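# Examining the three-dimensional arrangement
Given next are the chains, with one letter for each unit.
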Amino acid sequence: YWTMLAACTVGPGTVVTCARAGAEYDLSLIWALVFASVLAYTLQEGTARLTIVSGKSLGQCLRVKYRHGAKIYDTAVICWLVGVSVFIGNTLYECNNWAGGIDAILAIPGSSTSIGWKVGYCLLYAAVVITLLVADKTEMLGIFLGIVMMAMVALFLCVVVYMDINLPNLGRGFLPNIPAKAASAAEPTDIIISLVGTTSIGFNLFLGGSMAKGKSLRPAQRGIGFSTASAFVVSVLILIVGSGNYDENGSADKFRIADLANKIEELYSTAGVVIFGIGFIAAALSSMLTVPLGAALTADSVFSDEVDEADKSTADLQSPFPRNHGVKGVDNPNFQMEGGVKMQDMRDRENKISMNDTLDG
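Residues numbered from 1 in each chain as written. Predicted model: local features only at pLDDT ≥ 70, side-chain atom pairs only at ≥ 80, totals over all residues. Heavy atoms only, no water.

Right, let's get into the overall build of the protein chain. Counting its secondary structure elements, the protein chain contains 14 helices and 2 strands. Of all 361 residues assigned to the protein chain, the portion counted as buried reaches 46%. Contacts in the protein chain between residues at least 24 apart in sequence constitute 82% of all its contacts with a sequence separation of at least 6. Accessible surface computed for the protein chain: about 17900 Å², of which carbon and sulfur atoms make up 63%. (Helix = DSSP H or I, 4+ residues; strand = E, 2+ residues; numbered from the N terminus. Buried < 20%, exposed > 50% of the residue type's maximum accessible area, 1.4 Å probe, protein only. Contact = heavy atoms within 4.5 Å. Areas by Shrake-Rupley, 256 points an atom, 1.4 Å probe, with all protein chains shown as cover.)

Residues at a pLDDT of 70 or more form 76% of the protein chain, whose mean pLDDT is 75. When pLDDT is averaged over each element of the protein chain, helix α3 (residues 30-54) comes out on top at 89 and helix α13 (residues 309-318) at the bottom at 43. Under a pLDDT of 50 for its full length, residues 307-342 has, in the predicted model, 56 contacts with residues more than four places off or in other chains. (pLDDT = per-residue confidence, 0-100.)

Here we come to unusual backbone geometry. If you check the backbone angles, Asp26 has positive phi at about 55° while not being a glycine. Note on placement: Asp26 falls in the loop between α2 (12-25) and α3.

Inspection of the entire model under this criterion finds 3 salt bridges. Residues Glu24 and Arg20 are paired through a salt bridge, measuring 2.9 Å at the closest nitrogen-oxygen approach. Remark: Arg20 and Glu24 occur in helix α2; sequence separation between them is 4 residues, near one turn of the helix. Since its relative accessible area comes to 8%, Glu24 is described here as buried. Arg20 sits in the partly exposed class, given a relative accessible area of 24%. (Salt bridge = Lys/Arg side-chain N within 4 Å of Asp/Glu carboxyl O.)

The next thing to look at is the nonpolar core. Core analysis: the biggest nonpolar cluster contains 54 residues, and Leu29, Phe156, Leu195, Leu260 and Phe276 have the highest contact counts within it. Where this core is concerned, the elements lending two or more residues are α2, α3, α5 (77-106), α6 (115-135), α7 (138-162), α9 (188-199), α11 (217-242) and α12 (257-302). Broken down by element, this core gets its largest block of residues, 12 residues, from α12. When neighbours within four sequence positions are excluded, Leu29 is seen to be in contact with Ala21, Gly173, Asn177, Pro179, Ile191, Ile192, Leu195 and Leu239. Formed by 7 residues, the second largest nonpolar core is a distinct cluster that contains Ala76, Cys79, Phe206 and Val302. (Core = buried A, V, L, I, M, F, W, Y, C linked by side-chain atoms within 4.5 Å.)

The structure is reproduced here in structure tokens:
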């Protein structure tokens with residue numbers, strides 16, 4: 001189930017960025033993936049914990065937290081900022097997914113590179129994505145794509161086993177550093193930011209929180225840990241395979257995804273390239289599906305303050321924190337229903353009245 005979250009993280013941007021980082025800076029930027037993975041786990045685990053304990057999504061918690069601040073159409077300004085930012089970012093991210101999806105098909109031997117075929121590939125992707133979204137079969141497909149992604153991990157692992165890896169350089173890659181810029185390479189800081197951005201994705205907070213609904217904390221932590229570790233492993237493997245094209249003299253041409261396919265073909269002939277292409281297509285398709293889903297979940301979360309009664313009762317049962325006689329709004333009013341606070345005020349008034357009656361008697 002949680003493999004779907006890993007499949008959402010490893011999209012075309014991850015494949016291209018990690019491979020380019022290895023091709024242009026060898027193994028020196030593995031530390032950026034370590035930092036990004038720790039950051040991703042921390043944020044996603046915190047969001048899942050908040051959802052399970054409070055019974056509210058991240059966006060609903062923002063609405064309650066800032067309900068007394070500046071508003072636009074009865075919604076806090078910060079909620080508008082979050083919603084608009086995720087919409088713009090996901091739009092650009094989706095464009096990258098489509099471009100990566102085309103590269104994934106072209107990586108398969110025999111694919112046509114004409115403009116007409118590229119347009120046809122886009123229409124085919126669009127038909128598949130729209131059909132799955134309308135049919136509401138995204139969760140089942142996400143699990144399947146997660147399995148395909150694991151197959152791609154196995155492929156990269158097999159490639160790494162046959163590569164001649166410089167172990168001292170691999171160890172130094174886990175130490176934070178900023179290498180010198182090569183002649184034909186991108187700025188190292190740009191690559192570092194890209195590695196962090198493609199690993200710790202903002203809308204995954206809302207997606208992970210949605211997946212944590214109705215679950216207890218420990219299984220959610222294990223699931224998020226597994227998905228984060230899986231994304232980290234495949235990212236490091238891709239970076240190592242990409243480092244096979246690294247030129248110490250800095251005279252290599254600008255990196256292309258075809259370079260990665262050629263490296264796989266050297267070891268596993270055409271069959272390996274086909275497996276890579278199918279896994280790359282699966283990564284692109286999973287991201288094409290989850291990016292609009294993530295944007296929709298974010299919008300629904302930040303612009304809706306309704307909480308399902310079943311979710312609230314589940315949150316009460318699964319909360320690891322004690323409550324004051326089951327009255328909501330006492331332990332932390334910012335993340336509880338306002339009705340609980342009002343109920344407590346009514347009970348306080350009733351207690352005062354009964355005490356006055358006793359004293360009068």
